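# Commentary on secondary and tertiary structure
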Amino acid sequence: MNRKPGRGNRWGLAIVGLVLALLGGSALARGMGAFPQNWAASRTTIVDANVVGFFARTSPWIWWLVALAGLILGVLGVRWLLAQWHREPRRTFVLDNTPTGVTDVSSRAMARAMAADVATGPSVLDADARMTGSRQDPEVRLRVVADESASLPELSRHLVRVALPNMRDALDRDHLPAVARVSLEPSPAPQRTVR
């Protein structure tokens, strides 16, 4: 599972939020008179004659620059939104191709079946699978969460002797590259129901 976009989003939003909070807080503090009266910044207005004069001298082309900057920000915002909604293309794997028809299965269905097979392993708390690669050379990426007291050799045997052979049989392949990422967590406390 790739977490780089999420991490980048969090950092970008945190930096933008911090800058906006600092600017907004300083403007609010200045408007409420929080700065000392003898401080030069507290006596000057934000939009003074210099700012008004600059816009009057550079009008009309300054507004074209403002519109261009707004357009660029809008395009970047739409691109960011589209990147958030990016989905992997629907892929299918052909299981059987005969003159009477073709039998195929979606990569998502295969991944769900693989995850369900892995979840039956000893001390597995959660499992997730993703099919990558091409239709001709598929690969499997596994994320397994196991109990911290689990026997890793036993878990590895389950993957190698049960889950992966089942997937190879389903895809009718002799070779299926797989990468498993195993994390260990404490088992959840049993819940008791009191009646």
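For the structure, check the block above.
Okay, so let's go over this structure. (Residues numbered from 1 in each chain as written. Predicted model: local features only at pLDDT ≥ 70, side-chain atom pairs only at ≥ 80, totals over all residues. Heavy atoms only, no water.)

Of regular secondary structure, the protein chain possesses six helices and five strands. The helix and strand sequence of the protein chain, counted from the amino end, reads α-α-α-α-β-β-α-β-β-α-β. Taken across its 195 residues, the protein chain has 18% of its residues classed as buried. Put simply, 52% of the contacts in the protein chain that link residues at least 6 apart link residues at least 24 apart. Counting every atom, the protein chain has about 14,800 Å² of accessible surface; 61% of that belongs to carbon and sulfur. (Helix = DSSP H or I, 4+ residues; strand = E, 2+ residues; numbered from the N terminus. Buried < 20%, exposed > 50% of the residue type's maximum accessible area, 1.4 Å probe, protein only. Contact = heavy atoms within 4.5 Å. Areas by Shrake-Rupley, 256 points an atom, 1.4 Å probe, with all protein chains shown as cover.)

On to a nonpolar patch on the surface, then. Together, W61, W64, L65, L68, L71, I72, L73, V75 and L76 make up an exposed nonpolar region whose accessible area comes to about 1,000 Å². Secondary-structure assignment places V75 in helix α4 (residues 61–84). (Patch = residues over 30% accessible without salt bridge, like charges linked within 9 Å, V, L, I, M, F, W, Y side chains within 5 Å. Salt bridge = Lys/Arg side-chain N within 4 Å of Asp/Glu carboxyl O.)

Let us now look at helix α5 (residues 107–119). Under the 1.5 Å per step criterion, the end-to-end length of α5 is 18 Å for 13 residues, consistent within 8% with the ideal 18 Å. When we look at burial in α5, the residues that qualify are S107, M110, A111, M114, A115, D117 and V118. Projected down its long axis, α5 carries its buried residues within an arc of 160°, all on one side. (Expected span 1.5 Å × (residues − 1). Arc of directions from axis to C-beta.)

Attention shifts here to the side chain of T58. Turning to its location among the elements, T58 is positioned in helix α3 (residues 49–58). The class of T58 is buried, set by a relative accessible area of 10%. A distance of 2.7 Å separates a polar atom in the side chain of T58 from the backbone oxygen of F54. (Polar contact = N/O pair within 3.5 Å; in protein donor to acceptor, adjacent residues only side chain to side chain.)

A word on the pattern of salt bridges. For the coordinates displayed, the defined rule picks out two salt bridges. Where D126 meets R143, a salt bridge forms, and the shortest distance between an N and an O atom there is 3.2 Å. One end of the pair, D126, is in strand β3 (residues 124–133); the other, R143, is in strand β4 (residues 138–147), with 17 residues separating them in the sequence. Looking at D126, the relative accessible area reads 36%, which means it is partly exposed. On the accessibility criterion, R143 (22% relative accessible area) is partly exposed.

Membership of the largest hydrophobic core comes to 23 residues, with the highest contact counts inside it found for M114, V118, M131, V140, L142, M167 and L171. Elements represented by at least two residues in this core include exactly α5, β3, β4 and α6 (152–171). At six residues, the largest contribution of residues to this core is made by α6. (Core = buried A, V, L, I, M, F, W, Y, C linked by side-chain atoms within 4.5 Å.)

Honestly, it's all geometry; don't read function into it.
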